[in-house]
Amino acid sequence: MLDALTKAMVKIRRKRISNQIFAACGGTVRHGAFQGLVLDGASNISRGALAAKVLGFYEPTVFAELVRHGPYGDAVCIGAADGFYAIGLVKSGLARRSICFEMTAKGRAAIALNAETNGVGDKLIILGKADETFAEQLRANDFVGENALVICDIEGAEFSVLNADVLAALRGAFLVVELHDTVMEHATNLRADLIARLPKDYSHWLAKEKPVDWAGIVELDGLHDNDRALAVSEGRKIMGEWLFARP
């Protein structure tokens, strides 16, 4: 019981520190590739990650690859949440436009609000859940796979949504898929099967999350070491891992 209580208190403290930093930054990303991006902070995702987003520490493993392989034409965000990637990509010039798939109404509202706040509402298409009509919706919106980017973070549904037909519709795109099989029950072979479905001319690699270097980030200077660590934590139960694949 003591262990559970300690974890709960740490979680509360992390969110409090995150909210304080987010407010102090005015919801504006201060560092990294998305510098200048403004977020409302209201969405269906945890507020515990807001500090990492505005300080430029959010998913550094993903950002390193996005920048290295960009810029892109179309960006498709499956599980777009608050639009952080979808909006940040077009605002920074890393993508021409973004097509967002987000299953929750709260998330879609957050994307629309954040897009208008950043002046890129005309460069986003906001759709609902990525279901059996996924490929059809891409075609209806004139999706071009060549030099496109696809970011998928849907809590384990990636193994069913990214079927052979969908992967064929995405052919030519750089795929960034957050993997959740290690936290799923009965997930044997899901990862291997997904990799086996990739187009034959694709290469792929796996990468895990990297430690954060907060040197030189003045917004963290006045914090206690423990609070500083919580501020850049993404609150994951296990280490994050991604599948990257491209022609």
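Placed above this text is the structure.
Residues numbered from 1 in each chain as written. Predicted model: local features only at pLDDT ≥ 70, side-chain atom pairs only at ≥ 80, totals over all residues. Heavy atoms only, no water.

Draft legend 1. Quick peek at the sheet that holds strand E6 (residues 203–208). One open sheet holds the seven strands; their spatial order is E3-E2-E1-E4-E5-E7-E6, and the pairing between them is mixed. Of all the strands in the sheet, just strand E3 (124–127) and E6 have a single pairing partner and so form its edges. Direction aside, neighbouring strands of the sheet carry axes that sit 15 degrees apart on average. Inspection of the sheet shows strand E5 (residues 174–178) paired to strand E7 (residues 241–246) by four bridges, in the antiparallel sense. For Leu175, the partnering residue across the bridge sits in E7 and is Ala245. Set on the sheet, helix H3 (residues 60–69) makes contact with strand E1 (72–78), strand E4 (149–152), E5, E6 and E7; between it and E7 the angle comes to about 15 degrees. On the sheet, helix H4 (residues 84–92) packs against E1, strand E2 (95–101), E3 and E4 and is oriented at approximately 165 degrees with respect to E2. (Pairing = 2+ DSSP bridges. Helix = DSSP H or I, 4+ residues; strand = E, 2+ residues; numbered from the N terminus. Axes fitted to C-alpha atoms, helices over the stretch in contact; angles between N-to-C directions. Contact = heavy atoms within 4.5 Å.)

Draft legend 2. Representation of the pairing of E4. What you see with E4 is no split at all: Leu149 and Ile151 on one side and Val150 and Cys152 on the other are buried throughout. As paired elements, E1 and E4 share four bridges and run parallel to each other. Its bridge partner lying in E4, Ile78 is registered against Cys152. Here four bridges tie E4 to E5, and the two strands are oriented parallel to one another. Counted as the bridge partner of Leu149 is Phe174 from E5. (Buried < 20%, exposed > 50% of the residue type's maximum accessible area, 1.4 Å probe, protein only.)

Draft legend 3. Spotlight on H4. Counting buried positions along H4 gives seven out of nine residues, so the element sits mostly inside the fold. Of the positions making up H4, those classed as buried are Phe84, Tyr85, Ala86, Ile87, Gly88, Leu89 and Val90. At the exit of H4 stands Gly93, carrying a positive phi of roughly 85 degrees.

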